[in-house]
Every structure is written in C-alpha cells, then in structure tokens.
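Survey of secondary and tertiary structure
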Amino acid sequence: MNEITGPIQNRFSETSLVFTTVDNVVNWARKSSLWPMTFGLACCAIEMMATGASRYDWDRFGMIPRGTPRQSDLMIVAGTVTLKMATRVKRLFEQMPEPKYVISMGSCSNNGGPYWKHGYHVLKGVDEVVPVDVYVPGCPPRPEALLYGVMKLQERIQEDHVLRRRAASMGSLAGASMAIEATK
Amino acid sequence: MEAQALHDRLAVKFGERIAAFQADALQPWTVVAADAIAEAAAFAKADPALAFDNLMCLAAADYPKDTPPRMELVYHLFSYTHRHTHVLKVMLPREGALVPSVEGVWGVANWHEREAFDMFGIGFTGHSDLRRILLPDDWEGHPLRKDWVDPEFYNGMHVRPTQQMVERFMAGEKIGVGPFDFTPFNAHVDGE
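A short tour of the structure in this document, coming up.

Reading the values: the criteria
Residues numbered from 1 in each chain as written. Chains lettered and ligands numbered in written order. Predicted model: local features only at pLDDT ≥ 70, side-chain atom pairs only at ≥ 80, totals over all residues. Heavy atoms only, no water. Helix = DSSP H or I, 4+ residues; strand = E, 2+ residues; numbered from the N terminus. Buried < 20%, exposed > 50% of the residue type's maximum accessible area, 1.4 Å probe, protein only. Contact = heavy atoms within 4.5 Å. Areas by Shrake-Rupley, 256 points an atom, 1.4 Å probe, with all protein chains shown as cover. Pairing = 2+ DSSP bridges. Axes fitted to C-alpha atoms, helices over the stretch in contact; angles between N-to-C directions.

1. Things to note about the overall build of chain B
Each helix and strand in chain B was counted, giving 4 helices and 9 strands. Counting across all 192 residues of chain B, residues that qualify as buried make up 45%. Residue pairs at least 24 apart in sequence account for 47% of intrachain contacts in chain B once pairs closer than 6 positions are excluded. Accessible surface, chain B: about 10,400 Å² in total, of which carbon and sulfur atoms supply 54%.

Right under this line is the structure:
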C-alpha cells in the first residue's frame, strides 16, 4: 500500500481527532447537497435548466433536481408567478420538509417585473406567499447569476444554527413554527 | 378568389344578413349578423368555391368609445384548398352579448370561444363546454374589457402593488422592476 503523502494527509494519517461544531458539520452537509424541486414557471426556467446542464453544471454544488417537494430542500421560483399558480406554489412549499429554502429567480418572481403595473393576473412578488431567502435579479438572470444566488444561499445556510431556535429571517416560516413550539 | 368575390358569394347566399364589406384593408372583412354567423361559417366551409376548411384565429375586441359602444368577434378564415383567406366580423352589444358557436364547424373554435368568454364575457350558444380557459375558475370579471379595473385582492393576494411594495422596491432593494432595470429609480443620477 502506498504511503499517503501531502500536508493534509500527513496531518490526518495517524489516528486523530478533529474538533468542530455541530453547526459547522451539519450546515456544511446541508449546503453541499441542496436538492431543488423540479419546476419552472416561465423563461427563467430555461436559464435554470442551462444552469443544471453540463456547461454550468450545478451538480458541482451537489444540487440534484427532485421530482417531488417531499424530497426537496430548495424551491427555485423561476418565472412569472400568476395568481392562479401562486396558490399551487404555496401548497408545494408547504409540502416540502424542513429545513427548506426559497430562491426567487428573476424580476417577475421578485416583484412582478414587467407585470408590475399592467398585470391583472400576476402576483407582485412571490414573497407574498412563500418566505424568500435569496432574490436573483435579472430578466432572466444568466446562469452565473443563479449560481451566485445559490452560493449566497450556501453562505446563509452556513450561518444557520441547528440546535437553536432559528432567527426569524432564516427560513422564516420554520423559525416561526419553532417559536410557537417553544412557547407551549 | 379575390376578397370581393368571396364577399359576393356570401352576400348572395345570406342577403341582408351580411351587413357590410370593407375591401380597403390589409385583410378585407365582411360583417355578418350575429345570429347568422354559425350558418355563414358552415356555408363558408362547405361551399366548394369558398372551402374555408381552417379557422386560423377567433379573436374579440372591445370598443367602448364607439357609437354605439360595441364588441367585435373576428374570424380569420383560411382555405387549404384554394389558398385564400377572408375575415368575418360580428358586431355585438357590450353587455350580454350572445353568439351562436361555430364549434360545430371548426373544432378549434372550442378553445378560442372559451378564451373570448374568459376575457370578454361573450357568451356562445351551442358551445359544448363554455367555461374559463386561462383564468382560475373562481375569477370574477373579464379582464380584457376596457372597463376592467384591477381588484384589490384575489384570494387574499394583492393584485395591485401596494404603497408598501412601491416603497420597498423603489427605495434601495436592488431587485429590479422590469427587464434590463436592475437598479432602483433613485439611483439613476448623472455623473454616477
């Protein structure tokens, strides 16, 4: 058997201990395997698909699209949220298990975008029905922008606390439900 | 066949129920009385000289400022046999408009008439399944009518942007309000 070499291997080749925090390890695991729910609403979804395809390849982040909300950690709202769809988006979000995160992708999803003034059928921002963690601007955002949004989300997840009550701004619905639990 | 000849063929058959003809247009059109449209459509399809076997488009338009105020249904016809096109129009009152369905002539009219009903509230007699096609079933009103006003809420969701939303999006959050605009309006300052 070859001898393991290199600075890190040398450090850990002997039986040894690594000290860290539960937060660090769990958050690292969470942010490294964000499973987004497979759904797109409009042209932003085309860019989202490009982000998932080989050129940009969000598999590098451990992101694997899931076909069901029950196995998903992340909802990427990619496109125009019509009022008709908004109730479905809300229901899909509620079907996702905790912890769950939402990326709002593109101007339509952020605040109605071009339908801001003359859009009788468009929700003025998906944050009216689900709590949004990261907003990605653009119409549509390029794959780089979405990847930047994902990395921003990873930064936020890394700051999360696992065994403590979550701050209201982090996955805010989760924080709220846990706060209710704590008061009982 | 030329537009005039197409119109004449319909006019001979239907007489006074063909109201008008506009030849000086990009797509010349014939005005058909509302109660005659289904028969006229059937004739236009069955007649070997016309042979309009395809309804390209069925659209509606609202003209509240005309005298009298009216709605229009516009039928774009095409013949694969003769490669000619023609347009039929039906003038309707703005309230309680009711037209015979042409679904029995061209099956595609099913969805087109549902859309005209959904957006303009035009009723179609003899339609097999006249319900909303795009908007939710519990939607109230017909939004492409010119007198449409956005409601405050739909199922608890804001339809119009609130003052709070305006302030939030205009005053610093760089989310963008439309295509190609990623900065708030107050950031557009000369020299920056």
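2. Considering the sheet that holds strand 1 (residues 74-78) of chain A
Residues and elements named next belong to chain A. Pairing in this open sheet of 3 strands is parallel, and the strands run 1-2-3 from one edge to the other. Looking at which strands have only one partner, the edges of the open sheet turn out to be strand 1 and strand 3 (134-136). Geometrically, the sheet is characterised by an average inter-axis angle of 15° between neighbouring strands, direction not taken into account. Taken together, the 5 bridges between strand 1 and strand 2 (residues 101-105) define a ladder with parallel strand orientation.

3. Quick word on the sheet that holds strand 1 (residues 18-22) of chain B
Residue and element names in this part refer to chain B. Within the open sheet, the 5 strands sit side by side as 1-2-5-4-3. Their pairing is mixed. The sheet terminates laterally at strand 1 and strand 3 (54-63), the two strands that pair on one side only. Each neighbouring strand pair of the sheet contributes to a mean axis angle of 20°, computed without reference to strand direction. As judged from the 9 bridges shared by strand 3 and strand 4 (residues 70-78), these two strands associate in the antiparallel manner. Directly across from alanine 60, in strand 4, lies its bridge partner leucine 73. Sitting on the sheet, helix 1 (residues 3-14) touches strand 1, strand 2 (29-32) and strand 5 (85-93), and the angle it makes with strand 1 is about 170°.

Such coordinate-based values are descriptive only and should not be taken to indicate function.
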